[in-house]
Amino acid sequence: MGAIQLYARAGAQFDERVAHAVAVLQSAASEHAGAIVQATSLGAEDMVLTDLIARHQLPIALATLDTGKLHAQTLALIPRIESRYGLPVERHVPVQEQVLQFVRQYGEEPMFRSIELRKACCDLRKLQPLARMLAARSAWVTGLRREQSANRGEVPFHERDGAGRIKFNPLADWSWNDVWHYIATHDVPYNDLHDQFFPSIGCEPCTRAIAVGEDFRAGRWWWEDEKAKECGLHVAKSNEESPA
Ligand code: SF4
């Protein structure tokens, strides 16, 4: 059974949540004209946002972090998005020389040796490319939802990130069922891994399928303590001293 059959169900006031997400995106696009980007992880939530941006012809650029460690199924979504919506997807990659040096020093899978090495890998492959993606921009859009984990239980519709930019989270109040109801209704392309019990998808070595009853993000950095399980992409202004 696929993700749509398993999860797609409209909750009460689904239409209102869609309308609110569109309103957040419209006002974000007009307040930050020419300086706003959707940082898409290519996960289900981000595919909903990309569809909303394209459907409403909003001037919000699309960009992703190609860490060099993504699943083939995730990478395959990029040309699917470009041909479906006729919009380019920027790919921000790590500096190859730094990656080679890091791998030479610590091996291909240093993330399992210590949290420090895992964070160093995330810094090199995600945070630095993200900084380049956001360098000339004043705002970004993400698919964060409150329901995703305890760490995200209070995600607001907009906030300041650690660098003072505005980060918009239009799906903050959406449920997982809402996400899949939207995908089913609009025939939105999505990552094939979602049909294999991967609700949250990151880099290949750091993502596994989850079992029935497991937490939504249980398949991400599963060998680490719950509080450490963020890569640093979503550090807010108020807690930038202690990234989750
Ligand atoms: S998620 Fe894993 S592979 Fe990807 S950048 Fe972080 S540590 Fe490296």
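Reading the values: rules and limits
- Numbering of residues starts from 1 in every chain and runs along the sequence as written.
- In keeping with the model being predicted, local features are shown solely for residues with a pLDDT of at least 70 and side-chain atom pairs are shown and tallied solely at 80 or more, while totals for entire chains, interfaces and linings include all residues.
- In computing side-chain values, all of the structure's heavy atoms are included and hydrogens and water are not.
- Here the aromatic set is Phe, Tyr and Trp, taking the six-membered ring for Trp, and pairing holds for ring centres within 6.5 Å; pairs whose planes are under 30 degrees apart are stacked, those over 60 apart are edge-to-face, and all others are tilted.
- Labels follow the DSSP assignment, with helices taken as runs of H or I lasting at least four residues and strands as runs of E lasting at least two, numbered in each case from the N terminus.
- Only protein chains enter the accessibility calculation, which uses a 1.4 Å probe; a residue whose area is less than 20% of its type maximum is buried, one above 50% is exposed, and one in between is partly exposed.
- Charges are assigned to positions over rings by a cutoff of 6 Å between ring centre and Lys NZ or Arg CZ, combined with an angular limit of 35 degrees from the ring normal.
- It suffices for a single heavy atom of a residue to lie within 4 Å of a molecule or strand for the residue to be listed as near it.
- For this classification, the nonpolar set comprises Ala, Val, Leu, Ile, Met, Phe, Trp, Tyr, Cys and Pro, the charged set comprises Asp, Glu, Lys and Arg, and every other residue, Gly included, is treated as polar.
- Any carboxyl oxygen of Asp or Glu within 4 Å of a side-chain nitrogen of Lys or Arg constitutes a salt bridge here.
- Two strands qualify as a pair provided DSSP detects at least 2 bridges between them.
- When the strands point away from the viewer, a crossover counts as right-handed if the path from the first strand over the helix to the second runs clockwise.
- Think of each axis as a best-fit line through the C-alpha atoms, taken over the contacting stretch in the case of a helix, with angles from 0 to 180 degrees between the N-to-C directions.
- Each angle is binned into one of four classes, with values under 35 degrees roughly parallel, values over 145 roughly antiparallel, values of 65 to 115 roughly perpendicular, and all other values oblique.
- Note on convention: the crossing is left-handed when the near helix lies turned anticlockwise from the far helix by less than a right angle, right-handed when the turn is clockwise.
- For this analysis, residues touch if any pair of their heavy atoms sits within 4.5 Å.

> Please clarify how the packing of aromatic side chains should be interpreted in this entry.
Pairs of aromatic rings are described using the distance from one ring centre to the other and the angle between the two planes. If you walk through the whole model with that rule in mind, you get 10 aromatic pairs. Pairing Phe112 with Trp222 gives two aromatic rings, centres 6.5 Å apart and planes at 50°, and the pair type is tilted. With a gap of 110 residues between them, Phe112 in the loop between α5 (96-106) and α6 (115-134) and Trp222 in the segment after α7 (176-186) connect regions that are remote in the sequence. What makes Trp222 partly exposed here is its relative accessible area of 34%. A centroid spacing of 4.8 Å and a plane angle of 85° characterise the contact between Trp180 and Tyr190, whose relative ring orientation is edge-to-face. With Trp180 in helix α7 and Tyr190 in the segment after α7, this residue pair connects regions lying 10 residues apart in the sequence. The buried category is assigned to Tyr190, whose relative accessible area is 14%. Linked through ring pairs, Tyr7, Trp176, Trp180 and Tyr190 together constitute an aromatic cluster. For the cation-ring pair, Arg118 lies above Trp221, with the distance from its terminal atom to the ring centre recorded as 4.5 Å. For the cation-ring pair, Arg220 lies above Trp221, with the distance from its terminal atom to the ring centre recorded as 4.8 Å.

> Which parts of the structure should I look at to understand the site of the ligand?
Residues in close proximity to the ligand include Lys69, Met111, Arg118, Cys121, Cys122, Arg125, Lys126, Cys203, Cys206 and Trp221, which together make up its full environment. A breakdown of the residues in the shell around the ligand according to their chemical character gives six nonpolar, no polar and four charged.

> I would appreciate a short explanation of the pattern of salt bridges in the present structure.
In a structure, side chains of opposite charge can pair up when their charged atoms sit close to one another. Applying the stated criterion across every chain yields a total of 11 salt bridges. With a shortest N-O distance of 2.7 Å, Arg17 and Asp178 are connected by a salt bridge. In this pair, Arg17 sits in helix α2 (residues 14-31) while Asp178 sits in helix α7, placing the two residues 161 residues apart along the sequence. Judged by its relative accessible area of 14%, Arg17 is buried. Assessed through its relative accessible area of 0%, Asp178 is described here as buried. Glu90 serves as the salt-bridge partner of Arg137, at 2.8 Å between the closest nitrogen and oxygen. With Arg137 in the loop between α6 and β4 (139-141) and Glu90 in strand β3 (residues 89-92), this residue pair connects regions lying 47 residues apart in the sequence. Overlapping salt bridges bring together Glu45, Arg145 and Glu147 as one network.

> Just checking my understanding: could you explain the pairing of β3 for this structure?
Strand residues, when the strand is regular, have side chains that alternate between the two faces of the sheet. In the sheet, strand β2 (residues 61-65) pairs with β3 via four bridges, with the strands oriented parallel. Residue Leu65 lies in a different strand from β3, and its bridge partner there is His92. What joins β2 to β3 is helix α4 (residues 72-85), and the crossover it makes is right-handed.

> Even after reading the chapter, I still don't get the packing of helix α3 (residues 44-55) against α7, so can you show me in this structure?
Axis angle and axis distance: for two packed helices, these are the angle between their axes and the distance between the axes, and together they describe the pair. Two elements in contact, α3 and α7, have axes separated by 10 Å at closest approach and are oriented at 50°. By the criterion of interaxial angle, the relationship of α3 to α7 is oblique. In this structure, α3 crosses over α7, and the sense of that crossing is left-handed. Contacts from Ala44, Glu45, Val48, Asp51, Leu52 and Arg55 in α3 reach Trp176, Val179, Trp180, Tyr182, Ile183 and His186 in α7.

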